[in-house]
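Here are the chains, one letter per residue:
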Amino acid sequence: MGITVSNISKSYKGVKALQDISFEVKPNELFGLIGPDGAGKTTLFRILTTLLIADKGQASVAGFDVLKDFKDIRKHVGYMPGRFSLYQDLTVEENLEFFATIFGTTIEENYDLIKDIYVQIEPFKDRRAGKLSGGMKQKLALSCALIHKPKVLFLDEPTTGVDPVSRKEFWDMLKRLQQKNITILVSTPYMDEAALCDRIALIQDGQILQIDTPEAIVKQYPKTIYNVSANNMYQLINSLKDYQYQHSVYPFGEFVHYTDVRNDFKINDLKMYLEAEKLLNIKIEKTQATIEDSFMELAKYPNRTCKLSKT
Amino acid sequence: MLPIIFVLPLLQLIILSNAATFEVKNIKFAYIDNDHSASSRALIDKFEASTYFDVLTVFPSETQASSAMLKGEVDVFLEIPSHFERDLQKNKTASLGVTINAIDGAAAGVENVYVTQIVQSYNKQIKTDLMQVSDAQIQPVTITSIPLFWYNETLNYKTFMVPGILVLLVTMITLFLSGMNIVREKEIGTLEQINVTPIKKSQFIIGKLFPFWVIGMGLLTIGLIIAKLIFNVPMIGDLLLMYFYTSIYILVILGMGLFISNFTDTQQQAMFIAWFFTVIFILMSGLFTPIESMPGWAQTLTEFNPIKYFVEVMRMVMLKGSGFVDILPQLVKTLVYAIIMNGLAVWSYKKTT
């Protein structure tokens, strides 16, 4: 009784926002939709929360069809839109009470579900929601989305614009909620958060590039990645990009992630080339691929999706 | 926000009711006396005695008077020809030249009437002075008409305007507030959250309507109190009946506001459309200009104007003391209008985007 999406397509005035999307979220799974802005994540959320009607395809949430049983879906899902959308003029407590009433329940009835989250904002319960900080707004929105004990929770970019500490806390909360039999679909543009999901779907330009566990996706990365560093980052990137055997060059923190087209690549070859380019302190070592590397690789060659999945 | 909702309209009521008058006063008056006789002096005195005219200056020639009017210094000037007195005594008749600035046609008409009245009263006086015994027999019988102004005996324009302006305020505030309401939720994004809840469309719309309905009724109450205390407008009819009618009328306006709100994406758009309709409704309501004098097609259009009915009912009940049966036609039309507008509002509110 998770989420089933089959062949969903949606376009806005000729622009294809979603193309033939299919995937399945198992019950009690923490499923991540990972993709850049404009990939179609919000559109998909709106279709699943019955705010938008798809042009083609079927979808069901918690066993209810998004078209036929939209009324049931609205009773059983919690939705947290990407933009803070609670009443800013109401206080923290009033907002919570308002949403509890709309769902025909009370705060007391489901208090244990939100307790962990709500205690953190309870000291500010008489403060207007609009006056809360970003992280606290997030917690309040999550509390309001959970107040009716939903079966499925939709979180559209919940951590965008939230500080790193609050982000980490937020993900810990999601992990705990998952243990309370709630299926969670979360979208995020941050690749580092992807590793925290049970399974992820990489999405770009309205198409799904790959669906798997984060570990499997990383494992399927077809190349060996090398961390390259030197004294001049900018020149390093330019030199690597000019190298005739380069396959991909992406800056990654203090390093540059480099892959080579040859299978019999030798570190020394590259080192000599870079030295000839007058770079100093050159370090080259093997490293593990990350979700970001996988995404970049998939985004570069979207048509190779199938081939990649087989390897 | 709440103080603004109440204080501004009441200020408007007080200011507009005192300022928006159809009376023409303080007319800038000048004259050219070519005669310099006792008779011409007496005529000028009449003008000076009038409260409507401010007798400003005397011009030596018509050319100068004309150029003063061109500059806007003078509204009306009277030219008394030379030999005015002699002609009166000899021929029992004399002519006067009156020039009126008619850029504002309505005001010019009123000024003309005032001038004529003064000249006429002067005429009567002079007649007795000039009458000779032999003329007594041929003196025609004068017929004087004494008009009775019903429902507003003293023709006090405030009695007429205050109920109308009160209608405007109740309408404008409720229309703008409700028109911007759902749109505001769209802008802030709260609507998206609300739409993913089991709340029913009708529940949502009623929840949106009710506060503004209360505000509308509150405005009416305060407006009526001011009308009574400050303007002493007579309230002959049943106030309960007026409240009953207003309660239905506000529903029409709120339904209209919500309907606008459902079709717009930003508060600016909603405001613009609401403003467009208010201006048409107000100017075609019979508040400032009588509907009877509008062309046929416009009169037909006013049938769809809720403000027209409210103005009618307000004046009928307050000034005339009309009862339930008298306002029944307006009441039924308003009720039908309310049902249609709110039906449309619920229908057009979609929980999907």
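Residues numbered from 1 in each chain as written. Chains lettered and ligands numbered in written order. Predicted model: local features only at pLDDT ≥ 70, side-chain atom pairs only at ≥ 80, totals over all residues. Heavy atoms only, no water.

Trainee: Provide a residue-level description of the overall build of chain A, including the pertinent values.
Mentor: Looking only at helices and strands, chain A has twelve helices and 14 strands in total. In terms of overall dimensions, chain A has a C-alpha envelope of 70 × 45 × 35 Å along the principal axes. Evaluated residue by residue, chain A yields a buried proportion of 51% over its 311 residues. On chain A, roughly 14900 Å² of surface is accessible, and the fraction owed to carbon and sulfur atoms is 50%. Side-chain charges of chain A comprise 40 positive and 40 negative groups, with the mean position of each set lying 3 Å from the other. (Helix = DSSP H or I, 4+ residues; strand = E, 2+ residues; numbered from the N terminus. Buried < 20%, exposed > 50% of the residue type's maximum accessible area, 1.4 Å probe, protein only. Areas by Shrake-Rupley, 256 points an atom, 1.4 Å probe, with all protein chains shown as cover. Lys, Arg positive; Asp, Glu negative; His and termini not counted. Charge placed at Lys NZ, Arg CZ, Asp CG, Glu CD.)

Trainee: Describe the layout of surface pockets, and please don't skip the residues or the numbers.
Mentor: Empty space within the largest pocket amounts to approximately 810 Å³. If you go around the largest pocket, you meet 26 residues; those closest to its centre are Asp 89 of chain A together with Asn 181, Arg 184, Glu 185 and Lys 208 of chain B. Among the elements of the structure, α3 (92-102) of chain A together with α6 (157-188), α7 (190-195) and α8 (201-229) of chain B are those that each provide at least two residues to the lining of the largest pocket. The leading source of residues in the lining of the largest pocket is α8 of chain B, at seven residues. Of the residues belonging to the lining of the largest pocket, the class tally is 15 nonpolar, six polar and five charged. (1 Å grid on protein atoms, 1.4 Å probe; cavity = no way out; pocket = protein on both sides within 12 Å on 5 of 7 lines; lining within 4 Å. Points joined across faces, edges and corners; volume = space filled by probe spheres on them. Nonpolar A, V, L, I, M, F, W, Y, C, P; charged D, E, K, R; others polar.)

Trainee: So what's going on with empty space enclosed by the protein? Residues and values would help.
Mentor: Scanning all chains against the criterion turns up three cavities of 30 Å³ or more. Taken as a whole, the largest cavity encloses approximately 70 Å³ of empty space. If you go around the largest cavity, the residues you meet are Val 77, Gly 78, Tyr 79, Phe 99, Phe 103, Cys 144, Ala 145 and His 148 of chain A together with Gln 193, Val 196 and Thr 197 of chain B. Of all elements in the fold, only β6 (77-80) and α5 (134-146) of chain A reach the threshold of two or more residues within the lining of the largest cavity. A class-by-class count of the residues in the lining of the largest cavity yields seven nonpolar, four polar and no charged. By volume, the second largest cavity amounts to about 50 Å³. What lines the second largest cavity is Leu 113, Asp 116, Ile 117, Met 173, Arg 176, Leu 177 and Lys 180 of chain A. Of all the secondary structure elements, the ones that give two or more residues to the lining of the second largest cavity are α4 (111-121) and α6 (164-178) of chain A. Residues of the lining of the second largest cavity, tallied by class, amount to four nonpolar, no polar and three charged.

Trainee: Could you give an account of helix α9 (residues 233-242) of chain A, naming the residues involved and the relevant values?
Mentor: At 3.6 residues per turn, the α-helix brings residues three or four places apart onto the same side. All names here are of chain A. Every buried residue of α9 is accounted for by Leu 236, Ile 237, Ser 239 and Leu 240. One side of α9 carries all its buried residues, which in axial view fall inside an arc of 165°. Opposite the buried face of α9, by more than 90 degrees, sit the exposed residues Tyr 234 and Asp 242. Buried-residue contacts for α9 involve β11 (225-229), β12 (246-252), β13 (255-260) and α10 (267-276). The residue sitting at the N-terminus of α9 and contributing the capping side-chain oxygen is Asn 232; that oxygen lies 3.2 Å from the backbone nitrogen of Tyr 234. (Arc of directions from axis to C-beta. Contact = heavy atoms within 4.5 Å. Polar contact = N/O pair within 3.5 Å; in protein donor to acceptor, adjacent residues only side chain to side chain.)

Trainee: Any details on the UniProt feature "domain: ABC transporter" (unreviewed entry) in chain A? Residues and values, ideally.
Mentor: Following the UniProt record, the feature "domain: ABC transporter" (unreviewed entry) maps to residues 3-230 of chain A here. Secondary structure across residues 3-230 of chain A comprises 33% helix and 29% strand; the distance between its end C-alpha atoms is 47 Å. (UniProt positions renumbered as here; feature names shortened; annotations may be inferred.)

Trainee: Residue-level account of the domain arrangement of chain B, with values.
Mentor: When its domains are assigned, chain B resolves into domain 1 (26-138) and domain 2 (158-348). The C-alpha centroid of domain 2 of chain B is placed 49 Å from the C-alpha centroid of domain 1 of chain B. (Domains from an automatic or database assignment.)

Trainee: Kindly report on the sheet that holds strand β2 (residues 15-25) of chain A, identifying the contributing residues and their values.
Mentor: Residues and elements named next belong to chain A. Reading across the sheet, the four strands line up as β2-β1-β4-β5 and stay open at both edges, with antiparallel pairing between neighbours. A single partner strand is all that each edge strand has here, and the edge strands are β2 and β5 (64-65). Pairing of strand β4 (residues 56-61) with β5, which is carried by two bridges, proceeds in the antiparallel orientation. Counted as the bridge partner of Val 61 is Phe 64 from β5. (Pairing = 2+ DSSP bridges.)

Trainee: How would you sum up the interface of chain A and chain B? Please name residues and give values.
Mentor: Contacts between chain A and chain B engage 21 residues on the former and 18 residues on the latter. At the boundary of chain A with chain B, total buried surface from both sides reaches about 1800 Å², with 58% on carbon and sulfur atoms. The largest per-residue losses of area from chain A upon contact with chain B belong to Leu 51, Arg 74 and Tyr 87 of chain A, which jointly make up 33% of the total buried on that side. Summed over the shared surface of chain A and chain B, the result is two salt bridges. As a salt-bridge pair, Asp 89 of chain A and Arg 184 of chain B come within 3.4 Å of each other at their nearest N and O atoms. Here chain A is connected to chain B by eight residue pairs in polar contact (both at pLDDT 80 or more). Mapped onto the side of chain A that touches chain B, the elements with two or more residues apiece are α2 (70-76), β6 and α3 of chain A. Taken together, the residues of the side of chain A that touches chain B break down into twelve nonpolar, four polar and five charged. (Buried area = accessible area lost by both parts, 1.4 Å probe. Salt bridge = Lys/Arg side-chain N within 4 Å of Asp/Glu carboxyl O.)

Trainee: So, the sheet that holds strand β10 (residues 207-212) of chain A: which residues are in play, and what are the values?
Mentor: Residues and elements named next belong to chain A. Read from one edge of the open sheet, six strands run β6-β7-β8-β3-β9-β10, paired in mixed fashion. In the strand order of this sheet, the two ends are held by β6 and β10, each with one partner. Between one strand axis and the next, the sheet turns through 15° on average, direction left out of account. Taken together, the five bridges between strand β7 (residues 152-156) and strand β8 (residues 183-188) define a ladder with parallel strand orientation. When the sheet's bridge partners are listed, Asp 156 is paired in β8 with Ser 187. Seen against the sheet, helix α1 (residues 41-48) touches β3 (30-34), β6, β7, β8 and β9 (199-204) and runs at an angle of roughly 155° to β8. (Axes fitted to C-alpha atoms, helices over the stretch in contact; angles between N-to-C directions.)

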